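Report on the structure
In case you want the letters, here they are:
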Amino acid sequence: YGKIDIFSPKQVATFLTKKLKISLPQTKRGNVTTDDKTLSQYLNIEPVAQIVHIRKLKKNYDKLQELEKYIDKETSRVYAEFKQIGAKTGRMSSSNPNLQNIPRSMRNIFIAEEGRKLVIADFSQIELRIAAEYVEEEKMIEAFKRGEDMHIFSASLVLGKPKEEITKEERQLAKAMNYGLIYGIGPKGLMEYARFGFGVNISLEEAKNLINRFFEVFTNFRQWHQELKTKLRLQGKIEGKSLLGRKYIATTFQDSANYPIQSTGADLLKLAVNIFMHQCNIQGFHSVKLVNLVHDEIVC
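Notes on the structure follow. (Residues numbered from 1 in each chain as written. Predicted model: local features only at pLDDT ≥ 70, side-chain atom pairs only at ≥ 80, totals over all residues. Heavy atoms only, no water.)

A short note on unusual backbone geometry
Geometrically, the link from N96 to P97 is a cis peptide bond, its omega value of -5° lying close to zero. Residue position: P97 is located in the loop between β2 (93–95) and β3 (120–122). A positive phi is found at S76, a non-glycine position, where the angle reads about 60°. Among the secondary structure elements, S76 is positioned in the loop between α3 (46–68) and β1 (81–83). (Helix = DSSP H or I, 4+ residues; strand = E, 2+ residues; numbered from the N terminus.)

A word on the sheet that holds strand β7 (residues 297–299)
The antiparallel open sheet is built from three strands, whose spatial order is β3-β7-β6. Since the sheet does not close on itself, it has two edges, and those belong to β3 and β6 (292–293), each with one partner. In the sheet, β6 pairs with β7 via two bridges, with the strands oriented antiparallel. Bridged to N292 within β7 is V299. The strands touched by helix α11 (residues 253–282) within the sheet are β6 and β7, with β7 carrying the most contacts at an inclination of about 40°. (Pairing = 2+ DSSP bridges. Contact = heavy atoms within 4.5 Å. Axes fitted to C-alpha atoms, helices over the stretch in contact; angles between N-to-C directions.)

Examining the environment of E137
Along the polypeptide, E137 turns up in the loop between α4 (126–135) and α5 (138–145). It is 20 Å that separates the C-alpha atoms of E137 and L173, two residues lying 36 residues apart in sequence. Residues contacting E137, with those up to four places away along its chain left out, are A132, V217, F218, T219, N220 and F221. A polar side-chain atom of E137 sits 3.0 Å from the main-chain amide nitrogen of N220. (Polar contact = N/O pair within 3.5 Å; in protein donor to acceptor, adjacent residues only side chain to side chain.)

Some remarks on the packing of helix α9 (residues 204–217) against helix α10 (residues 219–235)
Contact pair α9 / α10: the axes reach a minimum separation of 4 Å and the direction vectors enclose 105°. Here α9 lies roughly perpendicular to α10, going by the angle between them. Residues N212, F215, E216 and V217 of α9 form the contact with α10, whose own contacting residues are T219, F221, R222 and H225. Of the residues belonging to the contact of α9 with α10, the class tally is three nonpolar, three polar and two charged. (Parallel < 35°, antiparallel > 145°, perpendicular 65-115°, else oblique. Nonpolar A, V, L, I, M, F, W, Y, C, P; charged D, E, K, R; others polar.)

A short note on the pattern of salt bridges
Taken as a whole and judged by the stated rule, the model has 15 salt bridges. In this structure, K188 and E192 form a salt bridge, with 2.8 Å as the shortest nitrogen-oxygen distance. Of this pair, K188 and E192 are both found in helix α8 (residues 187–198), four residues apart, which corresponds to roughly one turn of the helix. Since its relative accessible area comes to 51%, K188 is described here as exposed. One salt bridge connects R213 with E216, and the closest N-O pair in it is separated by 3.4 Å. (Salt bridge = Lys/Arg side-chain N within 4 Å of Asp/Glu carboxyl O. Buried < 20%, exposed > 50% of the residue type's maximum accessible area, 1.4 Å probe, protein only.)

Shown next as structure tokens:
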């Protein structure tokens, strides 16, 4: 194919459109889009898969270079900054460096000191549980109470198949629906989210049908979304509260659907940290140290 700089969007666009004859979407300015989300639908073409893989390695390398600047010479540790309220939703944020966006493939570069271990505790499907409680979606709430796998449960209802017949790919598709549709993404968004986030390819028409079926099954989410849109149209904003009382103001539909869920999650993590450390002290684990908090997980 000849040599190209895969970190040059222009050269990659020329290579893909002219050499490989791939039809790529364009931006409003008429430029061809070559981001990873776009290229993910062409991973079956070997050169494209290599481009995406090398880009991922470069991101990891850049992250390592960034982290290296913050390593303490005496302790060989990294000490980041944390803000209690780093986002409008009440989520914490981390900087210098950001320890909340370490790729999972790189987490093993952090090790505990000799004689100790790193332990991670995270909430299970916390946003989905909060969302079900927030809109009082009884089907989901009861399934959670029974300890069911929510993605298999959703796939079964939406696809109309027995739970034992749900495939791994169908479970992944249900993940995309559960985590995407509660926040109101549309057919194109679901199609891209399923492909890029969960490796499942569906057509735009299939996405439309899945969305309709999802909201036929989980009707309270559809009603909630309609109420949000009506309020925004009439008032221009929504002033609401999380399940634990944190106030927020949202001016867009996506924020209106996201803020109460994410705010509640932020509140719960902060409560969980306090309960966790209190229980460690009560039970005699006085040497436990908190080392990181990542939205829905505690690392100690």
